[in-house]
Amino acid sequence: ARLVSTLEHAEAPPGSAPAIDQLERQAFALLASLGRSQERSCLIFDDLQLIMRPDCHLLLDRLVARLPETMSVVLISRRRLPLRLGRLRALGRGR
């Protein structure tokens, strides 16, 4: 939830938004924490059509590509996202 609320602020004017490298550190810290568990879990990102910054899309690409085997992700958007999900589909990890 902390990452999602942080991504919401990624569209704020320059100077008030956290730097993308800070977002990336938080995202991968969250993955590392959740990845230590053998319990199945799911990350849900809603309203992704509101994120317009290419660096945020790249961060989501990297985040989704590094998900632990025990974790699923649901990406919800009202328009097609500029994400590269083909590799995950080829590996049987995406639909």
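Residues numbered from 1 in each chain as written. Predicted model: local features only at pLDDT ≥ 70, side-chain atom pairs only at ≥ 80, totals over all residues. Heavy atoms only, no water.

**Q** Tell me about the nonpolar core, residues and numbers included.
**A** Counting 16 residues, the largest nonpolar core has Leu31, Leu43, Phe45, Leu48, Leu60 and Leu63 as the members making the most contacts within it. Counting only elements with at least two residues in this core, the list comes to helix H2 (20-35), strand E1 (41-45) and helix H3 (54-65). (Core = buried A, V, L, I, M, F, W, Y, C linked by side-chain atoms within 4.5 Å. Buried < 20%, exposed > 50% of the residue type's maximum accessible area, 1.4 Å probe, protein only. Helix = DSSP H or I, 4+ residues; strand = E, 2+ residues; numbered from the N terminus.)

**Q** Describe in detail the packing of H2 against H3, supporting the description with residues and values.
**A** Interaxial distance between H2 and H3 falls to 11 Å at its minimum, and their mutual angle equals 20 degrees. The pairing of H2 with H3 is recorded here as roughly parallel in orientation. Judged by the sense of rotation from one axis to the other, the crossing of H2 with H3 is right-handed. Here H2 contributes Ile20, Leu23, Glu24, Ala27, Phe28 and Leu31 to the contact with H3, which in turn contributes Asp55, Cys56, Leu59, Arg62 and Leu63. For the contact of H2 with H3, the residue count by class is eight nonpolar, no polar and three charged. (Axes fitted to C-alpha atoms, helices over the stretch in contact; angles between N-to-C directions. Parallel < 35°, antiparallel > 145°, perpendicular 65-115°, else oblique. Left-handed = near helix turned anticlockwise from the far one by under 90°. Contact = heavy atoms within 4.5 Å. Nonpolar A, V, L, I, M, F, W, Y, C, P; charged D, E, K, R; others polar.)

**Q** Break down the pattern of salt bridges for me, with residues and values.
**A** Counted according to the given criterion, the structure contains four salt bridges. With a shortest N-O distance of 3.2 Å, Arg62 and Glu24 are connected by a salt bridge. Taken as a pair, Arg62 in helix H3 and Glu24 in helix H2 lie far apart in primary sequence, 38 residues in all. Taking the shortest distance from any N to any O, the salt bridge between Arg84 and Asp61 comes out at 3.6 Å. Of this pair, Arg84 sits in the loop between strand E2 (71-75) and helix H4 (86-90) while Asp61 sits in helix H3, and the two are 23 residues apart along the sequence. A relative accessible area of 10% places Asp61 in the buried class. (Salt bridge = Lys/Arg side-chain N within 4 Å of Asp/Glu carboxyl O.)

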